[in-house]
Amino acid sequence: MRAAVYEAFEGPLTVRDCADPAPAPHGVVLDVQATGICRSDWHGWRGHDPDIRLPHVPGHELAGVVVAAGRDVRAYRGGERVTVPFVCGCGDCRDCRAGHQQVCARQTQPGFTHWGSYAQYVAIDHADVNLVPLPESLDFVTAASLGCRFATAYRAVVAQGKLRAGEFLAVHGCGGVGLSAVMIGVALGARVIAIDVDAGRLAVARDLGAIATVDASREGDVAAAVAAASEGGAELSLDAFGSAATCRNSILGLRRRGRHVQVGLLTGDEREAPLPMAEIIARELCVVGSHGMQAPAYAPMLGMIADGRLSPGRLVARRVSLEDAAAGFGDERYLRGDGITVIDRFGRAT
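The numbers attached to residues start from 1 for each chain and follow its sequence in the written order. A pLDDT threshold of at least 70 governs which residues receive local features in this predicted model, and a stricter bar of 80 or more applies before side-chain atom pairs are shown or counted, although totals over entire chains, interfaces and linings include all residues. As a convention, hydrogens and water are excluded, and side-chain values are obtained from all of the structure's heavy atoms.

(A) Focus on the layout of surface pockets. Using a 1 Å grid laid over the protein atoms alone, points where a 1.4 Å probe fits but cannot get out form a cavity; open sets with protein on both sides within 12 Å along at least 5 of 7 lines form a pocket; any residue with an atom within 4 Å of a point counts as lining. Grid points are joined across faces, edges and corners, and a volume is the space filled by probe spheres set on the points. Approximately 320 Å³ is the volume attributed to the second largest pocket. Along its surface, the second largest pocket is lined by 17 residues, and Gly-173, Asp-196, Val-197, Arg-201 and Phe-241 are the ones closest to its centre. Residue assignment for the lining of the second largest pocket shows that the elements contributing at least two residues are strand E9 (191-196) and helix H9 (244-252). At three residues, H9 tops the list of elements feeding residues into the lining of the second largest pocket. For helices the rule is a DSSP run of H or I covering at least 4 residues; for strands it is a run of E covering at least 2, with both sets numbered from the N terminus onward.

Given below as C-alpha cells:
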C-alpha cells in the first residue's frame with residue numbers, strides 16, 4: 001500500500017510503498033476512501049503522544065470499505081461501508097460493558113497506538129464493537145469528518161454538556177471541533193457565541209448561525225465579552241481549542257451554575273494548567289471532560305444528518321491528495337484554515 005510515513009518527530013512525511021496490514025482475529029482491514037487532517041495528528045507528529053512508535057503513519061478520522069475480516073468478527077465479512085471513532089474500545093472491560101468505550105483503558109487509536117489512515121489501508125481492532133455502518137446517502141468525505149471532530153463535538157454538547165434549547169452556548173476556538181459545536185448547538189436551538197482569534201473562522205461561525213462572535217485577539221477581557229453577549233454568562237461553554245487561556249476564559253464566561261466542557265487537549269507546559277477554583281466553588285460551576293464518542297452512540301447524530309438538521313459536509317473546506325497532505329503537513333497549512341481538510345486521493349494503482 002501507499003502511505004505517508006514520518007521517521008522522526010517533526011520530521012518530513014514521505015509517501016512510499018509499505019506492507020499491507022493484516023486483520024487481527026477480532027479486527028478488520030479497511031480500504032480507506034477518505035481521511036481527515038486533524039490537529040491531533042499534528043500533536044502526535046510533534047511527539048506529544050506517548051503511544052506513537054517510529055516510523056509512523058498518522059490519521060484517525062476515516063471512512064472506507066471492509067476488505068478483510070478476522071476469524072472472530074461476526075458482523076462484517078467484506079464490502080461494508082463504515083466509519084470508526086478515533087477511540088476504539090476493547091469491548092470486554094468494565095467501561096466497555098457499561099457502554100463507555102470512549103474511555104476504555106485498553107483502547108486502541110488508529111494513527112496513535114498503531115499505523116493510521118494516511119494510507120490506502122488501515123487495520124481496526126475489535127470491529128464488532130467499533131465500526132459504524134454508513135448509510136448509502138452519506139458520502140465518504142463527509143463521513144471521514146465525523147470520526148474525531150464532529151462526533152467529539154456532538155458528544156461534548158449533547159451528552160457531557162447537556163445542552164437545552166434556548167440556552168447560551170459559548171464555543172472557545174472555531175477549528176474543526178468548535179465549528180462543529182456551533183452547528184450542533186444551533187441545530188438544538190441554542191444561542192451560540194463563537195470565540196476565536198481568526199476573522200475567517202468567526203465569519204464561518206456566523207454563517208452557521210452563531211448569534212454573536214468575539215475576536216479574542218482584540219478583546220481584552222474575553223470572559224466579560226461573553227458574559228455581555230449572553231445576558232450575564234453562558235449556561236454551557238466549551239473549550240474546543242485547548243490552552244490555559246481558553247480554558248480559563250470558558251469557565252469565567254459562565255453564569256452561576258453553568259457547565260464547562262473541556263474538549264481541547266492541553267499540552268506541553270500547559271498540560272497541568274491551573275483552574276479558577278474560587279469561582280468554580282462560589283458559582284457552583286460544573287467542569288467536565290469529553291473524549292470522543294463511542295460507536296454505539298452514533299445513531300442519534302446520524303439521524304440528525306439524515307433528516308437535514310445537521311450538515312457536516314459544509315465544514316469540509318478542502319480535498320487533497322496523499323502527496324499534497326504529506327508536503328503540507330509540517331507547516332500546518334491544513335490546520336489553520338476555516339474548515340476541515342480531507343484526503344480523498346491515495347494514488348491507487350490501476
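Still to come is the rest of the account.
(B) Molecular detail of the pattern of salt bridges. The term salt bridge refers to a side-chain nitrogen of Lys or Arg lying within 4 Å of a carboxyl oxygen of Asp or Glu. For the coordinates displayed, the defined rule picks out 17 salt bridges. Glu-61 is paired through a salt bridge with Arg-149; the nearest N and O atoms lie 2.3 Å apart. On the criterion of sequence distance, the pair formed by Glu-61 in the loop between helix H1 (39-45) and strand E4 (62-69) and Arg-149 in helix H5 (residues 146-160) is long-range, its members being 88 residues apart. Take Glu-61 and Arg-149: they sit in the same class, and that class is buried. Through salt bridges with shared partners, one network takes in Arg-164, Glu-167 and Arg-259. When accessible area is computed with a 1.4 Å probe and restricted to protein chains, residues below 20% of their type maximum are described as buried, those above 50% as exposed, and intermediate ones as partly exposed.

(C) A look at the sheet that holds strand E10 (residues 212-215). By the convention used here, strands pair only if DSSP detects at least 2 bridges between them. On the basis of which strands lie adjacent, the open sheet formed by six strands has the order E10-E9-E8-E11-E12-E13 and parallel pairing. The sheet is open, and its two borders are formed by E10 and strand E13 (286-289), each paired with just one other strand. Direction aside, the axes of adjacent strands within the sheet are offset by 15° on average. Pairing between E9 and E10: four bridges, direction parallel. Convention adopted: a line fitted to C-alpha atoms gives each axis, helices being fitted over their contacting stretch, and angles between N-to-C directions are expressed from 0 to 180 degrees.

(D) Representation of the pairing of strand E12 (residues 254-262) in the model. Relative to E12, strand E11 (residues 234-239) is paired through five bridges, and the arrangement is parallel. Counterpart to Leu-236 in the pairing with E12 is Arg-259. By convention, a crossover is right-handed whenever its connection, traced from the first strand over the helix to the second and viewed with the strands pointing away, goes clockwise. Taken together, E11, H9 and E12 form a β-α-β motif whose crossover is right-handed. Where E12 meets E13, four bridges bridge the pair, whose relative direction is parallel. If you follow Val-261 over to E13, its bridge partner there is Val-288. Running through helix H10 (residues 277-282), the crossover from E12 to the neighbouring parallel element E13 is right-handed.

(E) Representation of the side chain of Arg-259 within the structure. The residue Arg-259 is located in strand E12 in this model. Under the relative-accessibility criterion, Arg-259 is labelled buried at 13%. A 3.5 Å cut-off defines polar contacts: any pair of N or O atoms within that distance qualifies, except that in protein one atom must be a possible hydrogen donor and the other a possible acceptor, and neighbouring residues in sequence count only when both atoms are side-chain atoms. Here the side chain of Arg-259 touches Gly-161 through a polar contact of 2.7 Å, landing on its backbone oxygen. A distance of 2.7 Å separates the side chain of Arg-259 from the side chain of Glu-167, its partner in a polar contact. By definition in these notes, contact holds between two residues if any of their heavy atoms fall within 4.5 Å. In contact with Arg-259, not counting residues within four places along its chain, are Gly-161, Lys-162, Leu-163, Arg-164, Glu-167, Glu-235, Leu-236, Ser-237, Leu-254 and Cys-286.

(F) Summary view of the packing of aromatic side chains. Stacked, edge-to-face and tilted are the three classes for Phe, Tyr and Trp ring pairs, Trp counted by its six-membered ring, which pair at centre distances within 6.5 Å; planes under 30 degrees apart are stacked, over 60 edge-to-face, the rest tilted. Under the counting rule described, the total for this entry stands at three aromatic pairs. Look at Trp-45 and Phe-329: their rings are 5.7 Å apart centre to centre, the planes differ by 85°, and that puts the pair in the edge-to-face class. Of the two residues, Trp-45 sits in helix H1 while Phe-329 sits in the loop between helix H12 (322-328) and strand E15 (340-345), which places them 284 residues apart along the sequence. Exposure class is identical for Trp-45 and Phe-329. Each is buried. Where Tyr-118 meets Phe-329, the ring centres are 6.1 Å apart and the plane angle is 85°; that geometry is what we call edge-to-face. Residue Tyr-118 is found in the loop between helix H2 (94-97) and strand E6 (121-124), and its partner Phe-329 is found in the loop between H12 and E15; the two are separated by 211 residues along the sequence. Each of the two residues, Tyr-118 as well as Phe-329, counts as buried. An aromatic cluster is defined as three or more aromatic residues linked by ring pairs; in this entry it consists of Trp-45, Tyr-118 and Phe-329. Its guanidinium or amino end placed over the ring of Trp-42, Arg-39 lies 5.4 Å from that ring's centre, counting from NZ or CZ. Charge over a ring is defined by NZ of Lys or CZ of Arg lying within 6 Å of the ring centre and within 35 degrees of the ring normal.

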